[in-house]
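Now for the letters of each chain:
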Amino acid sequence: MPASTAWPILLAFGITLLFASLVTSVGVGIAGFLLICCGVAGWAKQCLPEEHHEMIPVKARQFTPSSVRTQVAHIQVSEVHRAFLPVESYAVTSGLRGGIAGGIVMIFPALLYGYLTQHSIWYAVNLLGGAGVAHWTNATTADIAAFHWNGLIAATIIHAAVCTLIGLLYGAMLPMWPRRPILLGGIIAPLLWTGLLHSILGFVNPAFNARIAWGWFALSEIVFGIVAGVIVTRSGKIRTHQTLPFILRMGIEAKEFEGPKGDGR
Amino acid sequence: MSSVPVSHPARSVEWHLPSKRRVGMTALIVGESAIFTIFVVAYVFYMGKSPSGPTPSQVLDVPILATICLLSSSFTIWRAEKAIEDDRMGSFTVWLGATIALAAVFLTNTAFEWKKLIYQDGLTISTNLFGTTFYSLVGLHATHVVVGLFLLTSVFIFSLFGWVDSRQSERFGVVALYWHFVDSAWIVVFTVVYLI
């Protein structure tokens with residue numbers, strides 16, 4: 001075995017003292033330097049020209065494996081088959097439908113927020129749409145609360161694209177957590193999404209970040225998630241088979257495709 | 001899901017585990033390069049933004065001799081590497097001593113340059129933005145030279161005691177790798193500080 005050594009610890013302590021002298025005194029630095037020299041010399045003496053070794057006697061030990069369990073249960077299944085878990089999950093298209101439905105419903109709390117705080121349903125629309133309109137810099141509250149065609153178009157495009165993409169992402173995540181889609185989509189995902197946006201929106205869109213009401217934002221997201229989760233739950237499950245063609249996993253019925261004939265447990 | 005067994009093709013070249021010493025030093029160099037990059041970017045970013053003097057063109061002289069010495073030390077340490085690989089320990093000690101001497105000349109030159117800047121030109125680390133970034137960048141490099149000089153001097157002393165031979169050639173190669181990095185870093189620092 002390589003011989004044990006304490007010199008590296010002394011060297012490390014010396015380096016620590018040397019750097020500590022930058023904020024203490026020269027004397028600490030000198031002590032550190034001396035310890036470094038001693039550490040290097042002592043360590044080198046143990047490694048040069050040959051590394052020191054020490055002999056450790058090896059004691060042979062008899063070991064007999066044993067267990068109190070005397071019986072083993074074997075899985076009664078053909079070895080050529082594989083199990084896919086979970087057995088059933090929601091189709092990807094159910095997540096897409098949930099995203100679209102949630103996107104429609106979450107418009108109402110957003111409009112309500114604009115109406116209650118600024119007496120204008122266009123406030124929330126323009127806040128979202130303003131991110132896509134370049135000349136909206138340093139806009140006043142009255143500007144944002146007024147109706148603007150470009151703001152409405154930009155907000156509609158952004159909202160539709162984001163809801164569709166999140167719905168697709170939701171559908172893709174469902175097989176990982178198929179038992180509680182409302183918990184996943186209604187609470188966990190909105191909280192994560194809101195937290196992520198809260199941390200990055202200041203860099204992405206400072207004007208939006210300065211005006212956003214995070215409580216209302218989280219409420220809208222939760223409404224989105226709950227609606228999406230309910231739609232998914234009512235969509236019905238399909239069998240989980242990773243080997244199925246993509247069309248079948250999407251939930252589209254096609255007679256020419258058949259699933260594998262195995263015992264999907 | 002089905003699987004098809006395939007035979008593994010016979011390897012024509014025997015693979016060896018990379019030297020852990022070289023991997024460790026390479027990782028250190030990558031990390032140190034990041035630190036140098038930060039200091040170089042800071043120097044370039046604040047270049048010409050000091051509201052008051054002195055400016056680089058007023059006080060800096062191009063350290064030609066020091067640069068020649070430091071860059072030459074890469075050649076001498078390479079010769080030392082070759083010597084220890086061939087177990088020519090006398091030659092190794094001479095080339096290593098030459099490397100130490102060249103590094104010492106570089107550090108001495110830097111010390112005199114700083115003495116002139118501080119006492120004659122009145123440029124300290126807190127004088128202006130140029131002083132702050134200059135002493136930070138050149139000081140960072142000088143610190144690396146000091147560490148390298150300490151390592152080289154240690155090996156030199158060990159070789160005088162007869163503790164070093166060709167069995168330590170790989171270890172010395174790691175020290176030489178660090179020294180080449182210090183030289184490479186100086187090329188960047190020299191270009192940014194004294195030429196641009």
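Caption draft 1: Looking closely at the overall build of chain A. On a plain count of helices and strands, chain A comes out with 11 helices and 2 strands. By the burial criterion, 30% of the 265 residues in chain A qualify as buried. The long-range share in chain A, meaning contacts at least 24 apart out of those at least 6 apart in sequence, stands at 67%. Within the structure as shown, chain A displays about 17,700 Å² of accessible surface, and the carbon and sulfur contribution to it stands at 68%.

Caption draft 2: Highlighting the side chain of His144(B). Along the chain, the position of His144(B) falls in helix 5 (residues 129-160). Among all residues touching His144(B), those that are not within four sequence positions of it are Glu32(B), Phe36(B), Tyr178(B), Phe181(B) and Val182(B).

Caption draft 3: Expanded view of the packing of helix 3 (residues 92-105) of chain A against helix 10 (residues 214-235) of chain A. Residue and element names in this part refer to chain A. Look at helix 3 against helix 10: their axes get within 7 Å of each other, and the N-to-C directions meet at 145°. The element helix 3 and its partner helix 10 pack so that their crossing is right-handed. Contact residues: Ser 94, Gly 95, Arg 97, Gly 98, Gly 99, Ala 101, Gly 102, Gly 103 and Val 105 in helix 3; Val 223, Phe 224, Val 227, Ala 228, Ile 231, Val 232 and Ser 235 in helix 10. Tallied by class, residues from the contact of helix 3 with helix 10 come to 8 nonpolar, 7 polar and 1 charged.

Caption draft 4: Representation of the pattern of salt bridges in the model. All told, the structure shown has 6 salt bridges over all chains when counted by the stated rule. In this structure, Glu170(B) and Arg21(B) form a salt bridge, with 3.3 Å as the shortest nitrogen-oxygen distance. Here Glu170(B), found in helix 6 (residues 169-195), pairs with Arg21(B), found in helix 1 (residues 20-45); they are 149 residues apart in sequence, far enough to count as distant. Taking relative accessible area as the criterion, Arg21(B) reaches 32% and is therefore assigned partly exposed. Asp86(B) serves as the salt-bridge partner of Arg88(B), at 3.3 Å between the closest nitrogen and oxygen. Take Asp86(B): its relative accessible area is 48%, and that puts it in the partly exposed class. A single network of salt bridges, built from pairs that share partners, joins Glu50(A), Asp165(B) and Arg167(B).

Caption draft 5: Focus on the packing of aromatic side chains. Residue and element names in this part refer to chain B. Per the counting criterion, the structure on display carries 21 aromatic pairs over all chains. Ring geometry for Phe 45 and Tyr 46: centres 5.0 Å apart, planes at 85°, overall edge-to-face. Judged by centre distance (5.2 Å) and plane angle (75°), the rings of Phe 134 and Tyr 135 are edge-to-face. Here Phe 134 and Tyr 135 have matching classes, each one buried. Aromatic ring contacts, followed pair by pair, group Tyr 43, Trp 114, Phe 130, Phe 134 and Tyr 135 into a single cluster. Residue placement shows Lys 49 over the ring face of Phe 45; its charged tip is 3.9 Å from the ring centre.

Caption draft 6: A look at unusual backbone geometry. Residues and elements named next belong to chain A. In this model, Leu 48 is joined to Pro 49 through a cis peptide bond whose omega is -10°. Tracing the sequence through the fold places Pro 49 in the loop between helix 2 (26-47) and strand 1 (88-90). Positive phi is not limited to glycine here, since His 119 has a value of about 55°. Secondary-structure assignment places His 119 in the loop between helix 4 (107-118) and helix 5 (122-129).

Caption draft 7: Here's a closer look at helix 3 of chain A. For helix 3 of chain A, built from 14 residues, the straight-helix expectation of 20 Å at 1.5 Å per residue is met to within 8% by its first-to-last C-alpha distance of 20 Å. Residues of helix 3 of chain A that are buried: Val92(A), Thr93(A), Ser94(A), Gly95(A), Gly98(A), Gly99(A), Ala101(A), Gly102(A) and Gly103(A).

Caption draft 8: Layout of the nonpolar core. Ranked by internal contacts, the top residues of the largest apolar core, which has 56 residues, are Leu60(B), Phe92(B), Phe134(B), Leu152(B), Phe172(B) and Val193(B). Secondary structure elements with two or more residues in this core: helix 2 of chain A together with helix 1, helix 3 (64-85), helix 4 (89-120), helix 5 and helix 6 of chain B. Ranked by the residues each element gives to this core, the list is headed by helix 6 of chain B, at 15 residues. With near-sequence residues (within four places) excluded, Leu152(B) lies in contact with Ile77(B), Leu96(B), Thr99(B), Ile100(B), Phe172(B), Val175(B) and Trp179(B). Counting 12 residues, the second largest nonpolar core, distinct from the first, contains Tyr113(A), Tyr123(A), Leu197(A) and Leu201(A).

Caption draft 9: Seen up close, a nonpolar patch on the surface. Residues and elements named next belong to chain A. A grouping of Ile 15, Leu 18, Phe 19, Leu 22, Val 23, Val 26, Ile 30, Phe 33 and Leu 34 is seen on the molecular surface, where their side chains present a nonpolar patch of about 930 Å² in accessible area. Where the nonpolar patch is concerned, the elements lending two or more residues are helix 1 (7-20) and helix 2. No other element matches the 4 residues that helix 2 contributes to the nonpolar patch. One can find Ile 30 in helix 2. Classification of Ile 30 as partly exposed rests on a relative accessible area of 48%.

Caption draft 10: The interface of chain B and chain A, seen in detail. Contacts between the two partners involve 11 residues from chain B and, on the opposite side, 14 residues from chain A. Regarding the contact of chain B and chain A, the summed buried area is about 1,100 Å², with carbon and sulfur atoms giving 67% of it. The tally of links between chain B and chain A comes to 2 salt bridges. Among the ionic pairs, Arg171(B) bridges to Glu51(A), the shortest N-O distance being 2.4 Å. At the junction of chain B and chain A, the tally comes to 3 residue pairs in polar contact (both at pLDDT 80 or more). Looking at the side of chain B that touches chain A, the element that brings in the most residues is helix 5 of chain B, giving 3 residues. Split by residue class, the side of chain B that touches chain A holds 5 nonpolar, 2 polar and 4 charged.

Caption draft 11: Structural context of the confidence of the model for chain B. When pLDDT is averaged across chain B, the result is 90; 93% of the residues are at 70 or more. Interface confidence in the predicted complex, given as ipTM, is 0.75; pTM for the same model is 0.55.

Caption draft 12: Geometry of the packing of helix 4 of chain B against helix 5 of chain B. All names here are of chain B. Close contact between helix 4 and helix 5 brings their axes to 10 Å; oriented N to C, the two are set at 150°. Relative to helix 5, the element helix 4 is oriented roughly antiparallel. Helix 4 and helix 5 meet at a crossing whose hand is left-handed. Residues that form the contact of helix 4 with helix 5 fall into these classes: 21 nonpolar, 8 polar and 1 charged.

Rules used throughout
- Residues numbered from 1 in each chain as written.
- Chains lettered and ligands numbered in written order.
- Predicted model: local features only at pLDDT ≥ 70, side-chain atom pairs only at ≥ 80, totals over all residues.
- Heavy atoms only, no water.
- Helix = DSSP H or I, 4+ residues; strand = E, 2+ residues; numbered from the N terminus.
- Buried < 20%, exposed > 50% of the residue type's maximum accessible area, 1.4 Å probe, protein only.
- Contact = heavy atoms within 4.5 Å.
- Areas by Shrake-Rupley, 256 points an atom, 1.4 Å probe, with all protein chains shown as cover.
- Axes fitted to C-alpha atoms, helices over the stretch in contact; angles between N-to-C directions.
- Left-handed = near helix turned anticlockwise from the far one by under 90°.
- Nonpolar A, V, L, I, M, F, W, Y, C, P; charged D, E, K, R; others polar.
- Salt bridge = Lys/Arg side-chain N within 4 Å of Asp/Glu carboxyl O.
- Phe/Tyr/Trp six-rings, centres within 6.5 Å; stacked < 30°, edge-to-face > 60°.
- Lys NZ or Arg CZ within 6 Å of the ring centre and 35° of its normal.
- Expected span 1.5 Å × (residues − 1).
- Core = buried A, V, L, I, M, F, W, Y, C linked by side-chain atoms within 4.5 Å.
- Patch = residues over 30% accessible without salt bridge, like charges linked within 9 Å, V, L, I, M, F, W, Y side chains within 5 Å.
- Buried area = accessible area lost by both parts, 1.4 Å probe.
- Polar contact = N/O pair within 3.5 Å; in protein donor to acceptor, adjacent residues only side chain to side chain.
- pLDDT = per-residue confidence, 0-100.
- Parallel < 35°, antiparallel > 145°, perpendicular 65-115°, else oblique.

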